[in-house]
Amino acid sequence: KDIEYIYSEYFNKLEIIRFSSSLGKYVGYTELGVKNAERWNSDPSELARRKAEKERYCKLTVDID
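Here the structure is a predicted model, which means the values were calculated and not measured. (Residues numbered from 1 in each chain as written. Predicted model: local features only at pLDDT ≥ 70, side-chain atom pairs only at ≥ 80, totals over all residues. Heavy atoms only, no water.)

## Description of the overall build of the protein
- A count of helical and extended segments in the protein gives two helices and three strands.
- Secondary structure of the protein in N-to-C order comes out as β-β-β-α-α.
- Overall, the C-alpha framework of the protein stretches about 40 × 30 × 15 Å when taken along its three principal axes.
- Relative to its full complement of 65 residues, the protein shows a buried share of 31%.
- Counting contacts in the protein only where the partners sit at least 6 residues apart, residues at least 24 apart contribute 22% of the total.
- Summing over all exposed atoms, the protein offers an accessible surface of approximately 4900 Å²; the carbon and sulfur share of this is 53%.
- Across the protein, the 12 positively charged side chains and the 12 negatively charged ones have centroids separated by 2 Å. (Helix = DSSP H or I, 4+ residues; strand = E, 2+ residues; numbered from the N terminus. Buried < 20%, exposed > 50% of the residue type's maximum accessible area, 1.4 Å probe, protein only. Contact = heavy atoms within 4.5 Å. Areas by Shrake-Rupley, 256 points an atom, 1.4 Å probe, with all protein chains shown as cover. Lys, Arg positive; Asp, Glu negative; His and termini not counted. Charge placed at Lys NZ, Arg CZ, Asp CG, Glu CD.)

This is how it looks when you write it as structure tokens:
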């Protein structure tokens, strides 16, 4: 519960889109990001892939840190 996985994409130092495991979906911050968030949030396999990253990456390495 204390771990959050965040995936963000940037262009010219501006955050375009972010996936947050606590929200379980993408959020867009620009026009392009909003369009991609809508498309990716409607794809169950994309959401499942990002949610699995928390298990695959975060939970395995938390004990190391």
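Having seen the structure, we can now continue with the description.
## Considering the confidence of the model for the protein
- Taken over all residues, the pLDDT of the protein has a mean of 90, while the share at 70 or more is 97%.
- Between the elements of the protein, mean pLDDT differs from a low of 86, seen in helix H2 (residues 44-61), to a high of 97, seen in helix H1 (residues 31-41). (pLDDT = per-residue confidence, 0-100.)

## As for the sheet that holds strand E1 (residues 6-11)
- Read from one edge of the open sheet, three strands run E1-E2-E3, paired in antiparallel fashion. Two strands in the sheet have a free side with no partner beyond their single neighbour: E1 and strand E3 (25-28). Within the sheet, the average angular offset between the axes of one strand and its neighbour, ignoring direction, is 15°.
- In this structure, strand E2 (residues 14-20) lies alongside E3, joined through four bridges in antiparallel fashion. Residue pairing in the sheet places Ser20 in a bridge with Lys25 of E3.
- Each of E1, E2 and E3 is contacted by H1, which is oriented at about 165° to E3, the strand it contacts most.
- Its contacts with the sheet put H2 on E1, E2 and E3, and the angle it makes with E3 is roughly 100°. (Pairing = 2+ DSSP bridges. Axes fitted to C-alpha atoms, helices over the stretch in contact; angles between N-to-C directions.)

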